[in-house]
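# Structural description and commentary
Chain by chain, the residues run as shown.
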Amino acid sequence: MDDNNKPNGLKGPRAGPMQGSPPNKRKTGLTREMQKMIGTQLQITYNEIVNQGVPDRFVEFLRQLEAGNVPNPATDDRFQEGHEGLKDAGNKGS
Amino acid sequence: MPPNPSVSEAMLRAVPSLRAFAISLCGNVDRADDLVQETLLRAWANLNSFEPGTNMSAWLFTILRNLFRSEYRKRRREVPDGEGTYAETLKTQPEQASRVEFEEFRVALAKLPADQREALVLVGASGFSYEEAAGICGCAVGTIKSRVNRARTRLAELMSIESVDDFGPDRELKAVLSSGGGSSS
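What you see is a predicted model, and the numbers here were worked out from it, not measured in a lab.

## Some points on the overall build of chain B
Looking only at helices and strands, chain B features nine helices and zero strands. Each helix (α) and strand (β) of chain B, taken in turn from the N terminus, gives the series α-α-α-α-α-α-α-α-α. Taking as baseline every contact in chain B between residues at least 6 positions apart, the subset at least 24 positions apart corresponds to 64%. A total accessible area of about 8100 Å² is found for chain B, and carbon and sulfur atoms account for 48% of it.

Take a look at the structure:
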C-alpha cells in the first residue's frame with residue numbers, strides 16, 4: 001500500500017531523488033538499469049555460496065554412494081514421507 | 001547400481017549451485033545441506049530415469065525443488081516463515097561490498113513469495129533458461145516469466161528503492177564485478 005505513495009517511483013535511469021513525479025512504476029516496470037542492479041546483487045549473493053565449493057560431507061557422501069553404502073530410499077523410513085517428491089520429476093524408483 | 005565415476009563427478013560439480021539454490025529456498029544452511037544430500041541420494045537411487053545427454057544439473061534441481069516442496073508442505077506450520085532467516089543465514093559478507101546493501105537485499109529476497117523467489121533465482125542466478133526453469137518448476141514458460149518480473153518489481157519495492165543511487169556507489173559494485181563476483185555460473 002504505502003509504496004503507492006512514494007514520491008519517487010522507478011523512473012528513468014538516473015532520475016534524481018529530488019525529482020518527484022506521479023507514481024507509475026507498476027505500469028512502466030523497472031528500468032533496465034534497475035533490473036541490472038537487482039540481477040547483480042542476486043548473482044553476488046548466489047555466487048557467495050557457490051564459491052564455497054563442495055563441502056567435505058558431500059565428497060564423502062558420494063564416495064559412500066559409489067561404494068554401495070547407501071540407505072535405500074525405498075526401505076529407509078526417513079524417506080517414506082518425502083517419496084512423493086520424486087514423482088513430479090518423473091522418477092519412480094523401484 | 002553400478003558405480004559410475006562420471007555420474008558422481010557430475011553430481012559433485014552440481015553441488016555448489018544446488019546448495020545456493022537450496023539455501024535460497026529454505027533460508028537455512030543446515031537444512032539446505034540436508035536437502036542437497038537427500039537430493040543426491042534420490043538421484044543416485046533413480047539414475048535409471050536420468051536420460052544421458054540431457055542436463056544433469058536441471059534434473060538434480062528438479063528433484064531438489066520437489067523434495068523441498070513436499071517437505072515444506074509438511075512443515076509449514078512448524079517452521080517460522082522465511083522472513084529474515086535467509087539474511088541471518090548468510091553472515092559472511094564479501095569484503096568488497098557494502099554490508100548494509102547486501103543485508104537489505106537478502107532480507108528483501110527472503111520476503112518474496114516462494115514461487116517468485118525460486119523463479120528469479122533459477123533464471124537470474126543459476127543460469128537456467130526460462131524453458132529450463134519452467135521444466136524444473138513444472139509450469140509454463142509464461143508463468144516463469146511473469147514470476148520473474150513480479151519478483152524484480154517486488155524486490156525493488158521491498159528495498160524502497162527510490163533511485164539507482166540507493167543501491168550504493170557504483171564503484172563498489174564495479175569492484176565486485178571486476179573481481180569476478182558477479183559472473184554468472
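Having seen the model, we can carry on.
## A word on the environment of Leu67(B)
Positionally, Leu67(B) belongs in helix α3 (residues 56-75). Counting along the chain gives 28 residues from Leu67(B) to Thr39(B), while the straight-line C-alpha distance between them is 7.4 Å.

## Structural notes on the nonpolar core
In this structure, Met11(B) and Leu40(B) are the most contacted members of the largest nonpolar core, which totals 62 residues. With 12 residues, the single largest contributor to this core is helix α1 (residues 5-26) of chain B. In this structure, Met11(B) is in contact with Leu62(A), Leu40(B), Ala43(B), Trp44(B), Leu47(B), Met56(B) and Leu60(B), ignoring residues within four places of it in sequence.

## Quick notes on the state of the cysteines
Within this structure, the stated rule accounts for zero disulfides over all chains. Just so you know, Cys139(B) is unpaired, no disulfide at all, and the nearest cysteine sulfur is the one on Cys137(B), 5.2 Å from it.

## With respect to the pattern of salt bridges
Across all of its chains, the model carries 10 salt bridges over all chains by this definition. With a closest N to O distance of 2.9 Å, Asp34(B) and Arg57(A) form a salt bridge. Of the two residues, Asp34(B) is situated in helix α2 (residues 29-45) and Arg57(A) in helix α3 (residues 56-67); the pairing between them involves two chains. A relative accessible area of 32% places Arg57(A) in the partly exposed class. Residues joined by salt bridges that share partners form a network here, namely Arg65(B), Arg69(B) and Glu118(B).

## Comments concerning the packing of helix α2 (residues 32-50) of chain A against helix α6 (residues 114-124) of chain B
In the contact formed by α2(A) and α6(B), the axes pass within 10 Å of each other and the chain directions differ by 85°. The orientation of α2(A) relative to α6(B) falls into the category roughly perpendicular. Contact residues: Leu42(A), Gln43(A) and Tyr46(A) in α2(A); Leu120(B), Val121(B) and Gly124(B) in α6(B). Of the residues in the contact of α2(A) with α6(B), the class split is four nonpolar, two polar and no charged.

## Focus: the packing of aromatic side chains
Residues and elements named next belong to chain B. Tallying each qualifying case throughout the model produces three aromatic pairs over all chains. With 5.0 Å between their ring centres and 45° between their planes, Phe 50 and Trp 59 make a pair best called tilted. Here Phe 50 falls in the buried class, since its relative accessible area comes to 14%. An aromatic cluster of three or more residues is present, and its members are Phe 21, Phe 61 and Phe 128. The ring of Tyr 130 has Lys 145 lying over it, and the distance from NZ or CZ to the ring centre is 5.4 Å.

## Some details on the environment of Arg19(B)
Along the chain, Arg19(B) falls in helix α1. A relative accessible area of 4% places Arg19(B) in the buried class. Beyond its immediate stretch of four places on either side in the chain, Arg19(B) contacts Ile49(A), Gln52(A), Gly53(A), Pro55(A), Phe58(A), Val29(B), Asp33(B) and Val36(B).

## Points about the confidence of the model for chain A
Residues and elements named next belong to chain A. For chain A, per-residue confidence averages 65 on the pLDDT scale, and residues scoring 70 or more make up 44% of the total. Taken element by element, chain A is modelled with least confidence in helix α1 (residues 25-28), mean pLDDT 46, and with most confidence in α3, mean pLDDT 93. Low pLDDT, under 50, characterises residues 1-28; the predicted model gives this stretch 40 contacts beyond four residues in sequence or across chains. Per-residue pLDDT stays below 50 along residues 77-94; that stretch engages in 37 contacts with residues further than four places along the chain or on separate chains.

So, how was this worked out
- Residues numbered from 1 in each chain as written.
- Chains lettered and ligands numbered in written order.
- Predicted model: local features only at pLDDT ≥ 70, side-chain atom pairs only at ≥ 80, totals over all residues.
- Heavy atoms only, no water.
- Helix = DSSP H or I, 4+ residues; strand = E, 2+ residues; numbered from the N terminus.
- Contact = heavy atoms within 4.5 Å.
- Areas by Shrake-Rupley, 256 points an atom, 1.4 Å probe, with all protein chains shown as cover.
- Core = buried A, V, L, I, M, F, W, Y, C linked by side-chain atoms within 4.5 Å.
- Buried < 20%, exposed > 50% of the residue type's maximum accessible area, 1.4 Å probe, protein only.
- Disulfide = S-S within 2.5 Å.
- Salt bridge = Lys/Arg side-chain N within 4 Å of Asp/Glu carboxyl O.
- Axes fitted to C-alpha atoms, helices over the stretch in contact; angles between N-to-C directions.
- Parallel < 35°, antiparallel > 145°, perpendicular 65-115°, else oblique.
- Nonpolar A, V, L, I, M, F, W, Y, C, P; charged D, E, K, R; others polar.
- Phe/Tyr/Trp six-rings, centres within 6.5 Å; stacked < 30°, edge-to-face > 60°.
- Lys NZ or Arg CZ within 6 Å of the ring centre and 35° of its normal.
- pLDDT = per-residue confidence, 0-100.

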